[in-house]
Amino acid sequence: VTLDILQWPGNGNVDNGESEILAPFDDYNNNNLYEPLLGETPHIKGDVASFSMASNGHSHALPFNDNAFMPNPNEIEMSLMHYVFLDHLSKAIANTVFTDYRINSKESLTWNDVYCGFYEDFDIGTNTDDFIGSDSTRNLIFGYNGDDFDQASSSSYGFGDYIVTGK
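A short tour of the structure in this document, coming up. (Residues numbered from 1 in each chain as written. Predicted model: local features only at pLDDT ≥ 70, side-chain atom pairs only at ≥ 80, totals over all residues. Heavy atoms only, no water.)

1. A word on the side chain of D130
Reasoning step 1: Note that D130 resides in strand β4 (residues 130-135).
Reasoning step 2: Buried and unpaired, D130 has no salt bridge, with R138 as the nearest side chain of opposite charge at 19 Å. (Helix = DSSP H or I, 4+ residues; strand = E, 2+ residues; numbered from the N terminus. Buried < 20%, exposed > 50% of the residue type's maximum accessible area, 1.4 Å probe, protein only. Lys, Arg positive; Asp, Glu negative; His and termini not counted. Salt bridge = Lys/Arg side-chain N within 4 Å of Asp/Glu carboxyl O.)

2. With respect to unusual backbone geometry
Reasoning step 1: One non-glycine residue, N30, adopts positive backbone phi at about 55°.
Reasoning step 2: Within the secondary structure, N30 is located in the loop between α1 (3-6) and β1 (48-55).
Reasoning step 3: Classification of N30 by relative accessible area gives exposed; the value is 65%.
Reasoning step 4: Positive phi, normally seen in glycine, also occurs at N139, with a value near 55°.
Reasoning step 5: Locating N139 in the fold gives a position in the loop between β4 and β5 (140-145).
Reasoning step 6: Take N139: its relative accessible area is 73%, and that puts it in the exposed class.

Structural measurements only, silent on function.
Next up, the structure:
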């Protein structure tokens, strides 16, 4: 078992206010305990992935803590996993970065009608002709080039007239 697998933050310290399960893992015996010495492994999506976590209990992660707008420290945990499929048969999938967000409120209050905003700066070739769209029915956002020819600039070689289709 490698050190990376041993140090995966599968379980949190509930005595310290953390959730029982922090990072996703394959729980082969279904006991909610990350046990890498029993063969359990991190649950990584795609071919390459990056996982990160933040909590409002740590001032460097979410410094704003006004009780009128934010709950008490350690009441919100957020994790995200970015992942890609490198050699997928679909060019569209092979050129997509997927992101899964998990936001966990440990407050005793029930939250209704919660909205979250996420900033994304897609730079598709030259960044001066990029657009952004969304599809709320599929919980996704996407970036796309605004014209049929992506010119070069001082910050990018551009894609020229190379168009990636969904096939």
